[in-house]
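# Notes for the structure review
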Amino acid sequence: MADGQENQSPRQPRNLQGLLNFCTEITAREDSTQPTNFQQLDPERRRFLEEALNSLTVNVAKKMAESVKTLCSEAVTMSGEDVTEQEEAMAVIEEYVDDMDHAIDLYKMGGFPVLMRCLDSPHPSLRAGAAGLIGDVCQNNLQCQQNMLALNVIPQLLQMIDVDEDVTSRVKAMYALSCLIRDFPEGEKEFVKTQGFSYLMRAMQSGVEKLVIKSAFLLSRLIQENDSFKGELLSMGYVEQLFTLLSSEKTGCISREHCTAALLSLASSYPPALTECMRPELRLKHHLTARLKEIKTKQESVEEKGYIMELLKLMEESEVEEENTFR
């Protein structure tokens, strides 16, 4: 019976999985030491193979254009409408725009104003989806950052971060803002001009951990990228705000890590900020030392531990320097 099975021709494939099995079986049966018994494909099998291979080739531009058209529907702006098709359209676009070229294609086909229109949708899923896509297309993509900024999207994103009733939409808007302005001086300038740091502080005070994490991360990056922000941040009370978060029992571990990193970035690069950290009434050194003991053996807190140690070292060096000054 085994010999009979070996002499049987491979089962004709009926789908893509069948095609893969077909090819595998043919390869397994091939014996290069013996003459091959090659047979030309019959028309039906050839047609199946051609259709299967053609199905692997996707016209990305066409799919995205169709999705953009779907997002132009009136349902986007009307409450109570079924927006399942629009949600699926966003999922299609999301599948491709991580590729920089496809992100630029989305801009060229008029997709950016369509996404901005979705930011005003009464449907939370579309607001969050549009903000997420804006972040995706802008991340590390200067051309998309420039073209999105030209649409004056920053005030809209800041407003979402501040007052949107949907938490996911607020978090996605922060992601979009961060991707839009990071490593992009024009975007940073517009952010500051639009009182962005005030919105950022309120986001850090929101109690929404994902929002706190993303806002602290963005703050840390902006501090590292531009010295001109530091005086304004100090005058706005950011040292005190970061300390308040670090001293709160409600602050999660990841939030603590990013807040400590932001405080370290500010204190290590701007002496007046370090002086602010040394204020006796803050008792920052006491708090950091206690926190260091608490996380000493926690593997998941390695990054935070490193930031605390660097910050404590800075403060100790400042104390020694001050003592030597008054000797």
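Every chain begins its residue count from 1, and numbering advances along the sequence as written. Given that this is a predicted model, residues contribute local features only at a pLDDT of at least 70 and side-chain atom pairs are listed and counted only at 80 or more, while totals for whole chains, interfaces and linings are drawn from all residues. Heavy atoms throughout the structure, all of them, feed into the side-chain values; hydrogens and water do not.

Looking at an unreviewed UniProt entry, one finds the chain named Hsp70-binding protein 1, with Portunus trituberculatus as its source organism.

All right, on to the nonpolar core then. In terms of nonpolar packing, the biggest core is built from 87 residues, with Leu 177, Phe 197 and Leu 219 touching the most fellow members. For helices the rule is a DSSP run of H or I covering at least 4 residues; for strands it is a run of E covering at least 2, with both sets numbered from the N terminus onward. Sort the elements by how many residues they give to this core and helix α11 (residues 167-181) lands first, with 9 residues. Among buried residues, those of type Ala, Val, Leu, Ile, Met, Phe, Trp, Tyr and Cys that are joined through side-chain atoms within 4.5 Å constitute a nonpolar core. Here's how the labels work: a residue is buried when its accessible area is under 20% of the maximum for its type, exposed when over 50%, partly exposed in between, all with a 1.4 Å probe on protein chains only.

Side-chain rings of Phe, Tyr and Trp (the six-membered ring for Trp) are treated as a pair once their centres are within 6.5 Å; stacked means planes under 30 degrees apart, edge-to-face means over 60, and tilted covers the remaining angles. Inspection of the entire model under this criterion finds 4 aromatic pairs. Ring plane angle 80 degrees and centroid distance 6.3 Å describe the contact between Phe 197 and Tyr 238, whose orientation is recorded as edge-to-face. Placement of Phe 197 in helix α13 (residues 196-204) and of Tyr 238 in helix α16 (residues 238-247) is noted, with a sequence separation of 41 residues between them. Each member of the pair, Phe 197 together with Tyr 238, is buried. Three or more aromatic residues link up through ring pairs in this structure, and these residues are Phe 191, Phe 197, Phe 229 and Tyr 238. We call a charge positioned above a ring when the Lys NZ or Arg CZ atom is no farther than 6 Å from the ring centre and deviates by at most 35 degrees from the ring normal. Directly above the aromatic system of Tyr 199 lies the positively charged group of Arg 202, at a separation of 4.7 Å from the ring centroid.

Moving on: unusual backbone geometry. At Asn 152, a position not held by glycine, the phi torsion is positive, near 60 degrees. Inspection of the secondary structure assignment puts Asn 152 in the loop between α9 (142-149) and α10 (154-163). If you check the backbone angles, Gln 195 has positive phi at about 60 degrees while not being a glycine. When its relative accessible area of 48% is taken as the criterion, Gln 195 is described as partly exposed.

This part covers the pattern of salt bridges. Whenever a carboxyl oxygen of Asp or Glu lies within 4 Å of a side-chain nitrogen of Lys or Arg, that contact is scored as a salt bridge. Going through the model one piece at a time under the given rule, you end up with 11 salt bridges. With its nearest N and O atoms 3.0 Å apart, the salt bridge here joins Glu 294 to Arg 291. On the criterion of helical spacing, the pair formed by Glu 294 and Arg 291 is a turn pair, its members being 3 residues apart in helix α19 (residues 284-295). Glu 294 gets classed as partly exposed once you look at its relative accessible area, which sits at 47%. The partner of Glu 304 in a salt bridge is Arg 291, with the nearest N and O atoms 2.7 Å apart. One end of the pair, Glu 304, is in helix α20 (residues 302-325); the other, Arg 291, is in helix α19, and 13 residues separate them in sequence. Residue Glu 304 is classed as buried on the basis of its relative accessible area, which comes to 2%.

Attention now goes to the packing of α11 against helix α14 (residues 209-225). Here α11 crosses α14 at 15 degrees, and the two axes come no closer than 9 Å. Considering the angle they form, α11 stands roughly parallel to α14. Of the two elements, α11 crosses α14, and the hand of that crossing is left-handed. Between α11 and α14, the contacting residues are Arg 170, Val 171, Met 174, Tyr 175, Leu 177, Ser 178 and Ile 181 on the first element and Lys 210, Leu 211, Lys 214, Ser 215, Phe 217, Leu 218 and Leu 222 on the second. Here, axes are lines fitted to C-alpha atoms. For helices the fit covers the stretch in contact, and angles between N-to-C directions go from 0 to 180 degrees. Any angle between 65 and 115 degrees counts as roughly perpendicular, while under 35 counts as roughly parallel, over 145 as roughly antiparallel, and the rest as oblique. Handedness of a crossing follows from how the near helix is turned relative to the far one, being left-handed for an anticlockwise turn of less than a right angle and right-handed for a clockwise one. In what follows, a contact means two residues having at least one pair of non-hydrogen atoms within 4.5 Å.

Given the relative accessible area of 45%, Asn 152 is considered partly exposed. Expressed as a C-alpha distance, the spacing of Asn 152 and Met 116, which sit 36 residues apart in the sequence, is 9.6 Å. Setting aside residues up to four positions removed in sequence, Asn 152 forms contacts with Met 116 and Glu 190.

Next up on the list: α14. With 17 residues, α14 extends 24 Å from end C-alpha to end C-alpha; this agrees with the ideal 24 Å at 1.5 Å per step. Restricting attention to buried positions, one finds in α14 the residues Leu 211, Val 212, Ile 213, Ser 215, Ala 216, Leu 218, Leu 219, Ser 220, Leu 222 and Ile 223. Multiplying 1.5 Å by the residue count of a helix minus one yields the expected span of that helix.

Okay, the packing of α10 against α11 next. It is at 8 Å that the axes of α10 and α11 come closest, and there the two elements cross at 145 degrees. Considering only the axes of α10 and α11, their crossing is left-handed. Facing α10, whose interface residues are Ile 154, Leu 157, Leu 158, Met 160, Ile 161 and Asp 162, α11 presents Ser 169, Arg 170, Ala 173, Met 174, Ala 176, Leu 177, Leu 180 and Ile 181.

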